[in-house]
Amino acid sequence: MPKRNRAQTKEKNLKWSNEGRGKGELSSYKSWLKIQDIASKQKCSRIWSHKTGRIHNLFSPLEVGTFLILEWDDEITDIREHFPIPNSNKSIVKSKQNLITTTFVYTKDNQDYALSINGDNLEIQKSYWDNENIPFEVWKEVNKILVRNLEWIRNYRELEITDIENIENELFERIQILPIRDATQETENSLGLEAGTGLTALRYLLANKIWIVELEKPIKMTNKLSIIKRNQYDNKERNYRVA
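As a starting point, this report considers the structure included with it. Bear in mind that the values here come from a model prediction, so they are computed numbers and not experimental data.

1. Here's the deal with the nonpolar core
Now for step 1: In this structure, Ile175, Leu206, Trp211 and Leu225 are the most contacted members of the largest nonpolar core, which totals 38 residues.
Now for step 2: Broken down by secondary-structure element, the contributors of at least two residues to this core are α2 (61-72), β3 (76-84), β6 (101-108), α4 (144-153), α5 (164-175), α6 (180-191) and α7 (197-207).
Now for step 3: Here the element with the most residues in this core is α7; it accounts for six residues.
Now for step 4: With sequence-adjacent residues up to four places away left out, Ile175 is seen in contact with Ile180, Ala183, Trp211, Lys224, Leu225 and Ile227.

Here you go:
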């Protein structure tokens, strides 16, 4: 089987531009680069986001971690990955045949921000974003504990959990005085729930920010959970509001 040609060419760049890559917002945005376009030596991921309503193409664990942190921020309303950099006359700045891209462009409080997590072409990127009056930053690492916790809870955000209000009340009474494992098991026994329901409910409560905790600290089953803020469920809106 012949190897796929992943080299960028003028023809390929024109084709991608005509496909609408690097354009749009939220669910309509199309990443300039997709996983099938890059021969990455690192683990690549395609992640669907509730915030943007689309799948994101991410080429390394660092990109995934950065994305999860941006997604978790309620003030960030849009995230666009692998954003191509046009120059002042709207043509594309090029390095050899490759288009220069910034890893993420995100929107916060109606202001765009540019964020790169690699060391390639940083001067060109910074020059462009400075001319656009858009703040530019470089991340070389992320808080691994925070990322690990976000990975642990994010897929539980949109679960349907029967009687979640009652479970939340029972679990809240125990979770701050007992280790997580004991608190979830006692809640299951008290309410006659299937094994594992208590832990599932906990992850749901954290993912939906019903309980606010310090996610920068490890969450261990043998430790208590310190809840900074408890929000209340609004059944009409099917979401939570600050108590």
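2. A few points about the sheet that holds strand β7 (residues 111-116)
Now for step 1: Reading across from one edge, β3-β6-β7-β8 is the order of the four strands in this open sheet, with mixed pairing throughout. Each of the sheet's edge strands pairs with one partner strand only, and the pair in question is β3 and β8 (136-138). Averaged over all pairs of adjacent strands, the angle between strand axes in this sheet comes to 25 degrees, irrespective of strand direction.
Now for step 2: Sheet topology note: the β3/β6 ladder contains seven bridges and is antiparallel. Opposite Pro84, over in β6, you have Thr101 as the bridge partner.
Now for step 3: Across the face of the sheet, α2 comes into contact with β3, β6 and β7 while running at roughly 10 degrees to β6.
Now for step 4: Helix-sheet contacts for helix α3 (residues 122-131) involve β3, β6, β7 and β8, and the interaxial angle to β8 is about 155 degrees.

3. Side note on the packing of aromatic side chains
Now for step 1: Enumeration over the complete set of coordinates arrives at six aromatic pairs.
Now for step 2: Ring centres 5.7 Å apart and planes at 80 degrees place the aromatic pair Trp16 and Trp32 in the edge-to-face group. Separated by 16 residues along the polypeptide, Trp16 in helix α1 (residues 10-18) and Trp32 in the loop between α1 and β1 (45-49) bring together distant segments of the chain. Taken individually, Trp16 and Trp32 each receive the classification buried, so the pair is uniform in this respect.

4. As for unusual backbone geometry
Negative phi characterises most residues that are not glycine, and trans characterises most peptide bonds.
Now for step 1: Backbone geometry places Asn133, a non-glycine residue, at a positive phi of 60 degrees.
Now for step 2: Considering the arrangement of structural elements, one finds Asn133 in the loop between α3 and β8.
Now for step 3: Residue classification places Asn133 among the exposed positions, given a relative accessible area of 65%.
Now for step 4: Its identity as a non-glycine residue notwithstanding, Lys209 has a phi of 60 degrees, on the positive side.
Now for step 5: Lys209 sits in the buried class, given a relative accessible area of 16%.

5. Comments concerning the environment of Tyr204
Now for step 1: Within the secondary structure, Tyr204 sits in helix α7.
Now for step 2: When the C-alpha atoms of Tyr204 and Arg157 are compared, they prove to be 5.5 Å apart, with 47 residues separating the residues in sequence.

6. Structural notes on α4
Now for step 1: Among all positions of α4, only Leu146, Val147, Asn149, Leu150 and Ile153 are buried. Buried residues of α4, viewed axially, fall in a sector of 165 degrees; they line one side. Exposed positions of α4 whose direction lies more than 90 degrees from the buried face are Lys144 and Arg148.
Now for step 2: On its buried face, α4 sits against α2 and α7.
Now for step 3: Put simply, Asn143 is the residue that caps the front of α4, since its side-chain oxygen is 3.0 Å from the backbone nitrogen of Ile145.

7. Observations concerning the pairing of strand β2 (residues 54-58)
Now for step 1: Most of β2 is tucked away: four of the five residues are buried.
Now for step 2: Examined bridge by bridge, β1 and β2 share five bridges and lie antiparallel to one another. Looking at β2, one finds that Trp48 is bridged to Ile55.
Now for step 3: Counting the residues in the hairpin turn of β1 and β2 gives four residues, including Gly53, whose phi is positive at 75 degrees.

8. Here we look at the side chain of Thr66
Now for step 1: In this structure, Thr66 sits in helix α2.
Now for step 2: At a separation of 2.8 Å, a polar atom in the side chain of Thr66 contacts the main-chain carbonyl oxygen of Leu62.
Now for step 3: Residue contacts for Thr66: discarding those within four places in its chain leaves Phe104, Leu115, Ile117, Trp139 and Val142.

Here is what the cut-offs are and how they apply
Residues numbered from 1 in each chain as written. Predicted model: local features only at pLDDT ≥ 70, side-chain atom pairs only at ≥ 80, totals over all residues. Heavy atoms only, no water. Core = buried A, V, L, I, M, F, W, Y, C linked by side-chain atoms within 4.5 Å. Buried < 20%, exposed > 50% of the residue type's maximum accessible area, 1.4 Å probe, protein only. Helix = DSSP H or I, 4+ residues; strand = E, 2+ residues; numbered from the N terminus. Contact = heavy atoms within 4.5 Å. Pairing = 2+ DSSP bridges. Axes fitted to C-alpha atoms, helices over the stretch in contact; angles between N-to-C directions. Phe/Tyr/Trp six-rings, centres within 6.5 Å; stacked < 30°, edge-to-face > 60°. Arc of directions from axis to C-beta. Polar contact = N/O pair within 3.5 Å; in protein donor to acceptor, adjacent residues only side chain to side chain.

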